[in-house]
Amino acid sequence: MIAIDLYFFMNAAYDLTLLCVVGIVARKRLYFGRVLAAALLGAAWSVTALIAALYFVLPSCALWIVKMITYLLCPYLMCLIAYRRNINVMQKIFMREFLLKNIELLLYFYVAGALISGLMLLLKWSGIHIPSWILMPVCSILAVFLWRYITKKEAQEKQIYEVTLIYQDKTFNVKALYDSGNTLMTRKSEPVHVLAPSIWKELIGEDPWKEDGFAVPYQTVSETSVMPGIYLDEIHLKEKAITEKKQQLVKENSKEKVLVLRHVPTGLGSMEFDKAGECQMLLHRDTFD
């Protein structure tokens, strides 16, 4: 005899794990309510298909339809519920394009299922017996926490920060992009932020090379060179979730937190980063470490 409630719970945990793995691979933002709803849909259909198989004698064509729903339509709808937030009118009209744009998520779903099945077989062959009703919930919880960590990290890497630059008696407000690809260092192994030429001109002056400045070595695909650098007195970086770091001061300012960096190495970029003015500075990848 199969306990329907346990079967539903195990399938919901299994589907939740699959959807989390798909979200991680496809770099989708986590909306836990939507993912949970999709997992419950999958579990509900699994219970429905089980009841139909146990208590009804279905013709071969009906069994084929049930299999199509189980292995194709239901996973597709689950991915649609979990990840597809905005559906424009044209996509609704041209359903073929709409379906093709989401088929990649379905393929990820199948791959995730194969990986989890392989993990269970590996545990079995290794002589490690973990009941499915324990393994699936544990896997789903770990997948959710991993997904949350990755999405938060990526959101931080893409975030635009409001930054106040202080140099001598000048103060300037700019928008800075956290750039995980910025690995510039001074010869003393200090992380170097990069200013757009227009901001450098207003804050530092016309002459890029200052007496108290320094050279920042950098390398591109075609050349190795140096850029002018200067130590800014302070950088105030506004962010809502900054914790206290070594040699950094976090100030409370109403609902915001301000990260204060002092004696900050800053280099002169060779070109403007954004003509629209949405980014005038590139923060080093170690800014928050």
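Residues numbered from 1 in each chain as written. Predicted model: local features only at pLDDT ≥ 70, side-chain atom pairs only at ≥ 80, totals over all residues. Heavy atoms only, no water.

1. Digging into the overall build of the protein
Okay, so step 1: Tallying secondary structure elements over the protein gives 7 helices and 8 strands in all.
Okay, so step 2: Scored against the burial criterion, the 289 residues of the protein give a buried share of 37%.
Okay, so step 3: The long-range fraction of contacts in the protein, counting pairs at least 24 apart against all pairs at least 6 apart in sequence, stands at 70%. (Helix = DSSP H or I, 4+ residues; strand = E, 2+ residues; numbered from the N terminus. Buried < 20%, exposed > 50% of the residue type's maximum accessible area, 1.4 Å probe, protein only. Contact = heavy atoms within 4.5 Å.)

2. Some words on a nonpolar patch on the surface
Okay, so step 1: On the surface, Trp64, Ile65, Met68, Tyr71, Leu72, Ile103, Leu107 and Tyr110 cluster together into a nonpolar patch covering about 820 Å² of accessible area.
Okay, so step 2: When residues of the nonpolar patch are traced back to their parent elements, those giving at least two are helix H3 (60-83) and helix H5 (95-125).
Okay, so step 3: Considering every element that reaches the nonpolar patch, the biggest residue donor is H3, with 5 residues.
Okay, so step 4: Mapped onto the fold, Met68 is located in helix H3. (Patch = residues over 30% accessible without salt bridge, like charges linked within 9 Å, V, L, I, M, F, W, Y side chains within 5 Å. Areas by Shrake-Rupley, 256 points an atom, 1.4 Å probe, with all protein chains shown as cover. Salt bridge = Lys/Arg side-chain N within 4 Å of Asp/Glu carboxyl O.)

3. Points about H3
Okay, so step 1: With 24 residues, H3 ought to run about 34 Å at 1.5 Å a step, and its terminal C-alpha atoms sit 34 Å apart, in line with that.
Okay, so step 2: A bend of about 45° at Ile69 is the largest found in H3. (Expected span 1.5 Å × (residues − 1). Bend = angle between axes of the 7 residues up to and from the residue.)

4. Details of the environment of Gly33
Okay, so step 1: Position of Gly33 among the secondary structure elements: in helix H2 (residues 32-55).
Okay, so step 2: For the pair Gly33 and Ile81, spaced 48 residues apart in sequence, the C-alpha to C-alpha distance is 9.9 Å.

5. Things to note about the layout of surface pockets
Okay, so step 1: The volume enclosed by the largest pocket comes to roughly 550 Å³.
Okay, so step 2: Considering the residues around the largest pocket, the lining is formed by 24 residues, among which Asn11, Trp45, Ser46, Thr70 and Tyr71 are closest to the centre.
Okay, so step 3: Those elements that provide at least two residues to the lining of the largest pocket are helix H1 (4-25), H2, H3 and H5.
Okay, so step 4: By residue number, the principal contributor to the lining of the largest pocket is H3, which donates 8 residues.
Okay, so step 5: Broken down by class, the residue content of the lining of the largest pocket amounts to 17 nonpolar, 5 polar and 2 charged. (1 Å grid on protein atoms, 1.4 Å probe; cavity = no way out; pocket = protein on both sides within 12 Å on 5 of 7 lines; lining within 4 Å. Points joined across faces, edges and corners; volume = space filled by probe spheres on them. Nonpolar A, V, L, I, M, F, W, Y, C, P; charged D, E, K, R; others polar.)

6. Some points on the confidence of the model for the protein
Okay, so step 1: Counting all residues, the mean pLDDT for the protein is 79, and 82% of those residues have values of 70 or more.
Okay, so step 2: Helix H4 (residues 89-93) is the least confidently modelled element of the protein, averaging 41 in pLDDT, while strand E3 (residues 193-195) averages 93, the highest of any element.
Okay, so step 3: Below pLDDT 50 for its whole length, residues 240-255 participates in 27 contacts with residues either more than four positions away or in separate chains. (pLDDT = per-residue confidence, 0-100.)

7. Remarks on the packing of H1 against H3
Okay, so step 1: In contact at an axis separation of 11 Å, H1 and H3 are set at 60° when each is read in the N-to-C sense. Here H1 is positioned oblique relative to H3, judged by the angle of their axes. When you trace H1 past H3, the crossing you get is right-handed. In contact with Asp15, Leu19, Cys20, Val22 and Gly23 of H1, H3 contributes Met78, Cys79, Ala82 and Tyr83. (Axes fitted to C-alpha atoms, helices over the stretch in contact; angles between N-to-C directions. Parallel < 35°, antiparallel > 145°, perpendicular 65-115°, else oblique. Left-handed = near helix turned anticlockwise from the far one by under 90°.)

8. Quick notes on the environment of Ile130
Okay, so step 1: Its place among the elements puts Ile130 in the loop between H5 and helix H6 (132-157).
Okay, so step 2: Relative accessible area serves as the criterion here: at 35%, Ile130 is assigned to the partly exposed category.
Okay, so step 3: Taking the C-alpha atoms as reference points, Ile130 and Met120, separated by 10 residues in sequence, lie 8.8 Å from one another.

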